[in-house]
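Architecture at a glance
The primary structure of each chain is shown beneath.
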Amino acid sequence: MAKIMVTEKGTVLREFPLNNETTRIGRERINHIRIDNPTVSRFHAEIFRRGCCYSIEDKMSSNGTRVNGSPLQAMRVLGDKDEIVIGESTLVFVLETSDFPEPLRPDSLDSRETVYLLTERE
């Protein structure tokens, strides 16, 4: 299970467990994570869970979304402790248990390694 921690100046203001396959973030009340700030779009971003991997996508927001300081251009896989900046808010993505392996990142792979991918079976 993973969660999002909304922080301000290093202090955790609120935690949101990521129980759904899709978690919407934005200013509107209908979002799972609501950030009531004019710098946040009504429907700003979404986090998707597929098996043990979590990804984030900006939903054409006015001010954009940043992950670890870089603008989010396309859907991106999230790793433990990734910092997501939406408007003036910082959200930290946390994997709570070791049941889920860290998602593979292209920059973390050695071309000489054998990579095993876990797949879901029906």
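Residues numbered from 1 in each chain as written. Predicted model: local features only at pLDDT ≥ 70, side-chain atom pairs only at ≥ 80, totals over all residues. Heavy atoms only, no water.

Regarding the overall build of the chain
When you go through the chain residue by residue, the secondary structure sums to zero helices and 11 strands. Moving toward the C terminus, one meets the helices and strands of the chain in the order β-β-β-β-β-β-β-β-β-β-β. Looking at the 122 residues of the chain, the share that counts as buried comes to 35%. Surface exposure of the chain reaches about 8100 Å², of which carbon and sulfur atoms provide 47%. (Helix = DSSP H or I, 4+ residues; strand = E, 2+ residues; numbered from the N terminus. Buried < 20%, exposed > 50% of the residue type's maximum accessible area, 1.4 Å probe, protein only. Areas by Shrake-Rupley, 256 points an atom, 1.4 Å probe, with all protein chains shown as cover.)

Re the sheet that holds strand S2 (residues 11-17)
Reading across from one edge, S2-S1-S11-S10-S7-S8 is the order of the six strands in this open sheet, with antiparallel pairing throughout. One side of each edge strand has no neighbouring strand; the edge strands of this open sheet are S2 and strand S8 (70-71). As judged from the six bridges shared by strand S1 (residues 2-8) and S2, these two strands associate in the antiparallel manner. Residue pairing across strands places Ile 4 opposite Phe 16, the latter belonging to S2. (Pairing = 2+ DSSP bridges.)

Some points on the nonpolar core
Counting 21 residues, the largest nonpolar core has Ile 4, Ile 84, Leu 91 and Phe 93 as the members making the most contacts within it. Elements with a minimum of two residues in this core: S1, strand S5 (45-50), strand S6 (53-58), strand S10 (83-86) and strand S11 (89-95). For Ile 4, the residues in contact, after removing those within four places along its chain, are Arg 14, Glu 15, Phe 16, Leu 18, Ile 33, Ile 47, Ile 84, Leu 91, Val 92 and Phe 93. (Core = buried A, V, L, I, M, F, W, Y, C linked by side-chain atoms within 4.5 Å. Contact = heavy atoms within 4.5 Å.)

A closer look at the side chain of Asp 58
You can see Asp 58 is positioned in strand S6. No salt bridge is formed by the buried Asp 58; the nearest opposite charge belongs to Lys 59, separated by 8.7 Å. Engagement of the side chain of Asp 58 in a polar contact is seen with the side chain of Ser 61, the distance being 2.7 Å. A polar contact of 2.5 Å, which involves the side chain of Asp 58, links it to the side chain of Thr 65. Leave out the neighbours within four places in its chain, and Asp 58 touches His 44, Ala 45, Gly 64, Thr 65 and Leu 72. (Lys, Arg positive; Asp, Glu negative; His and termini not counted. Salt bridge = Lys/Arg side-chain N within 4 Å of Asp/Glu carboxyl O. Polar contact = N/O pair within 3.5 Å; in protein donor to acceptor, adjacent residues only side chain to side chain.)

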